[in-house]
Amino acid sequence: MVVGDVTTGTDVLVVGAGPGGYVAAIRAAQHDFDVTLVERDAYGGTCLNYGCIPSKAYVSATDIAHRAREAEHMGIHADPAVDLEGMAEWKDGVVTRLTRGVEGLCKQAGVNLVEGRAEFAGETTARIVHDGAGEGAETVEFEHAVIATGSRPVELPGVPFDTEGVVSSKGLLAAESVPESLVVVGGGYIGMELSTVFAKLGADVTVVEALDSVLPAYEDDVTAVVRDRAADLGVEFATGLAATDAEPRPDDTVRLTAETGTGESRTFDAERVLVAVGREPVTDTLNLDAVGLKPTDEGFLDTDEQCRTALDHVFAVGDVAGEPMLAHEASAAGKVAAGAIAGDPTAMDQQAIPEVVFTDPEIATVGLTEAEATESGFDPVVGEVPLRSSGRALTLDEREGFVRVVAAEAGFLLGAQVVAPEASELIAELGLAVEMGATLEDVAGTVHAHPTLSESIGEATEAALSRAIHAAQ
Ligand code: FAD
Ligand code: NAD
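Treat the numbers as computed from the prediction; the structure is a model and nothing was measured.

A. Local environment of a negative patch on the surface. On the surface, Glu70, Asp228, Asp232 and Glu400 cluster together into a patch of negative charge. Relative to the assigned elements, aspartate 232 resides in helix H7 (residues 220-232). With a relative accessible area of 68%, aspartate 232 lands in the exposed category.

Encoded structure:
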């Protein structure tokens, strides 16, 4: 496409079509604004194309094979052959279906879709740059802009992504074969989810983590179950070691060097090295100076509770606006920004944003932990039930994990931590409870269907009220 000196006008310019941007664009169109959404790569952003969706497709597919393989004691004798090419084809089909869906939904809502890179040219002007030989640019004049340019993986200087054998999550999720050995640098969300996937695919996995524990943001008893299960899968943990260098070796492996805090070093050889040490905001695509915005020292765009930047008419949502870097937070912020542009009294409420790690079993949390509640001045009441007290868990052949609720003295739910299969689904009820200011009595008085895992939520609130039926007090 060759584009010349065309100038168009729009009420709302949205830059980036990930879960922050496309949701902001559709919501702004629902408010009857003329909306232009610019994407330089693929509709759906990191989440649909390289992140949440492909990784969860692999989490599910590898789990099916793993569970079938481990079900002899249930009378099932199977040894499924895993064909990574077939699995990848299925995963790519899921991605295509969803990304086309996003494109279709935007069009149906009347959003003008523009392919190219948007960069600011002035306070209310942007250029859409179509990179590549012989391609021009067009100018868009806007009243409001929503920046939703997302994030990219942090690169370790000594372990650059252009080293043969070193990959980011995007590279590993596009792998055509299962490496015999995989070293995962960083035991955070990505590291733990993908080490589970590749261990289930048969790779020898070692996680090298700089801090003393993997998933360091979570309480120790929350991560213990996941660490033990991963160890059962053969995952090895090397904690307290920060990766510093990677060197390709003549036998097509990579030698990774990592150092302890006191400078002792250890090396790890593997066919592939995944670097997953966090993500950094993308703002260098935008020519921010021209609009008059400056990122923070960490590169994020500061926003208020309506997602407004230092400029009244420019908003920022999703990963580019800071932690938590989660797709559902990005979408929630997209709705808030569009509402604020329409003059609604809308605001981001961070207290009930769930966080989920799709490990085996899953971890899901919302709101405050007991320690955070205490730090915030509450005298919290805690109720916890082990998963093994759930009939449904046993019929799923699961027993490790728990549901814990944290409430204020007056009974209002402040937070919850769940370690269980489908914790990602169970956390929805607890998120609603925190969001609505429900009390322990409200949740305990809610009848949960039997046999379901959600009964453990009712039981945990009963435990907090010192009257659990199925767990010793
Ligand atoms: P993005 O999805 O990154 O989209 C930003 C878009 O902006 C991109 O498409 C980019 O091409 C475009 N862009 C950038 N600059 C310009 C420009 N100047 N002009 C035009 N377009 C531009 N989160 C969860 O909640 N759950 C999960 O299970 C989960 N799993 C993940 C797994 C992996 C492997 C990864 C990497 C991430 C995962 N995340 C998950 C995080 C999630 O992907 C992000 O939080 C989410 O994508 C952020 O959405 P966003 O709209 O802010 O940005
Ligand atoms: P992360 O912040 O979750 O974990 C990074 C880990 O790398 C940390 O434990 C850190 O201590 C460690 N680390 C840093 N430098 C290191 C070094 N030199 N050597 C060894 N370890 C080192 O980051 P991530 O796993 O890359 O994920 C990025 C973001 O993507 C997450 O913060 C999250 O917001 C999002 N994400 C979410 C999900 C989900 O919601 N299920 C899944 C994947 C990614």
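There is more to say after this.
B. Fine view of the sheet that holds strand S19 (residues 362-367). If you trace the five strands from one edge of the open sheet to the other, you get S18-S19-S22-S21-S20, paired in antiparallel fashion. Among the strands making up the open sheet, the edge pair consists of strand S18 (355-357) and strand S20 (381-386). Each neighbouring strand pair of the sheet contributes to a mean axis angle of 10 degrees, computed without reference to strand direction. In this structure, S20 lies alongside strand S21 (residues 402-407), joined through six bridges in antiparallel fashion. From the neighbouring strand, valine 385 faces S21, where its bridge partner is valine 403. H7 contacts S19, S21 and strand S22 (413-420) of the sheet and is inclined by roughly 165 degrees relative to S21.

C. Seen up close, empty space enclosed by the protein. Tallying each qualifying case throughout the model produces one cavity of 30 Å³ or more. Its boundaries defined by the atoms lining it, the largest cavity holds a volume of some 40 Å³. Forming the boundary of the largest cavity are Pro153, Ser168, Ser169, Ile190, Val275, Ala276, Val277, Gly278 and Arg279. Taken together, the residues of the lining of the largest cavity break down into five nonpolar, three polar and one charged.

D. Structural detail: the site of ligand 1. Lining the immediate environment of ligand 1, one finds 38 residues, of which Glu39, Thr46, Lys56, Asp319 and Ala327 sit closest. Take histidine 328: an N or O atom from its side chain is 3.3 Å from an oxygen atom of ligand 1. Taken by itself ligand 1 offers 1,000 Å² of open surface, and the protein chains cover 94% of this. The set of elements that each furnish at least two residues to the shell around ligand 1 consists of strand S2 (35-39), helix H2 (45-49), helix H3 (52-69), strand S4 (117-122) and helix H9 (327-341). Of the residues in the shell around ligand 1, the class split is 16 nonpolar, 15 polar and seven charged.

E. Representation of the nonpolar core. Core analysis: the largest hydrophobic core is formed by 35 residues, its most contacted members being Phe198, Val205 and Leu274. Contributing elements (two or more residues each) for this core: H3, helix H4 (84-108), helix H5 (169-173), strand S9 (181-185), helix H6 (189-200), strand S10 (204-209) and H7. The dominant element in this core, judged by the number of residues it contributes, is H6, at five residues. Discounting residues that sit within four places of it in the chain, phenylalanine 198 has contacts with Leu172, Val178, Pro179, Leu182, Ala203 and Val205. Ala24, Val35, Ala333 and Ile353 belong to the second-largest nonpolar core, a separate cluster that totals 31 residues.

F. Main features of the pairing of strand S6 (residues 137-147). Burial of S6 is extensive: eight of the 11 residues sit out of reach of the surface. Bridge count for strand S1 (residues 7-15) against S6 is eight bridges, and the pairing is parallel. Residue leucine 13 lies in a different strand from S6, and its bridge partner there is alanine 145. Relative to S6, strand S5 (residues 125-129) runs antiparallel, the two being bridged by five bridges. From the neighbouring strand, alanine 126 faces S6, where its bridge partner is valine 140. Bridging between S6 and strand S17 (residues 314-316) involves three bridges; their strand directions are parallel. Bridging from a neighbouring strand, alanine 145 pairs with valine 314 of S17.

Procedures and definitions
- Counting restarts for each chain, with residues numbered from 1 along the sequence as it is written.
- To read the labels, note that chains go from A and ligands from 1, taken in the order they are written.
- In keeping with the model being predicted, local features are shown solely for residues with a pLDDT of at least 70 and side-chain atom pairs are shown and tallied solely at 80 or more, while totals for entire chains, interfaces and linings include all residues.
- In computing side-chain properties, one takes all heavy atoms of the structure into account and sets aside hydrogens as well as water.
- Patch definition: residues with relative accessible area over 30% and no salt bridge; like charges joined within 9 Å; nonpolar side chains (Val, Leu, Ile, Met, Phe, Trp, Tyr) joined within 5 Å.
- Here the Shrake-Rupley method, with its probe set to 1.4 Å, supplies the accessible areas, and only the displayed protein chains count as covering residues.
- A carboxyl oxygen of Asp or Glu within 4 Å of a side-chain nitrogen of Lys or Arg is what we treat as a salt bridge.
- Note on charges: Lys and Arg go in the positive column, Asp and Glu in the negative column, and His and the chain ends are not counted at all.
- Where a charge lies is defined by one atom per residue type, namely NZ (Lys), CZ (Arg), CG (Asp) and CD (Glu).
- Strands here mean DSSP runs of E at least two residues long; helices mean DSSP runs of H or I at least four residues long; both are numbered from the N terminus.
- Three exposure classes are used, based on accessible area relative to the maximum for each residue type with a 1.4 Å probe and protein chains only: buried under 20%, partly exposed in between, and exposed over 50%.
- Here a strand pair is declared whenever DSSP counts at least two bridges between the two strands.
- Lines are fitted to the C-alpha atoms to define the axes, a helix being fitted only along its stretch in contact, and any angle between axes, read from their N-to-C directions, falls within 0 to 180 degrees.
- Any two residues whose heavy atoms approach within 4.5 Å at even a single point are treated as in contact.
- Detection works on a 1 Å grid of protein atoms alone, calling trapped sets that fit a 1.4 Å probe cavities and calling open sets with protein on both sides within 12 Å along at least five of seven lines pockets, with lining residues defined by an atom within 4 Å of a point.
- Grid points are joined across faces, edges and corners, and a volume is the space filled by probe spheres set on the points.
- Side-chain classes follow a simple rule in which Ala, Val, Leu, Ile, Met, Phe, Trp, Tyr, Cys and Pro form the nonpolar group, Asp, Glu, Lys and Arg form the charged group, and the remainder, Gly included, forms the polar group.
- To be near a molecule or strand, a residue needs just one of its heavy atoms within 4 Å of it.
- Pairing of N or O atoms within 3.5 Å defines a polar contact, subject to two protein rules: one partner must be a possible hydrogen donor and the other a possible acceptor, and residues neighboring in sequence count only if both atoms are side-chain atoms.
- To qualify as a nonpolar core, a set must consist of buried Ala, Val, Leu, Ile, Met, Phe, Trp, Tyr and Cys residues joined through side-chain atoms within 4.5 Å.

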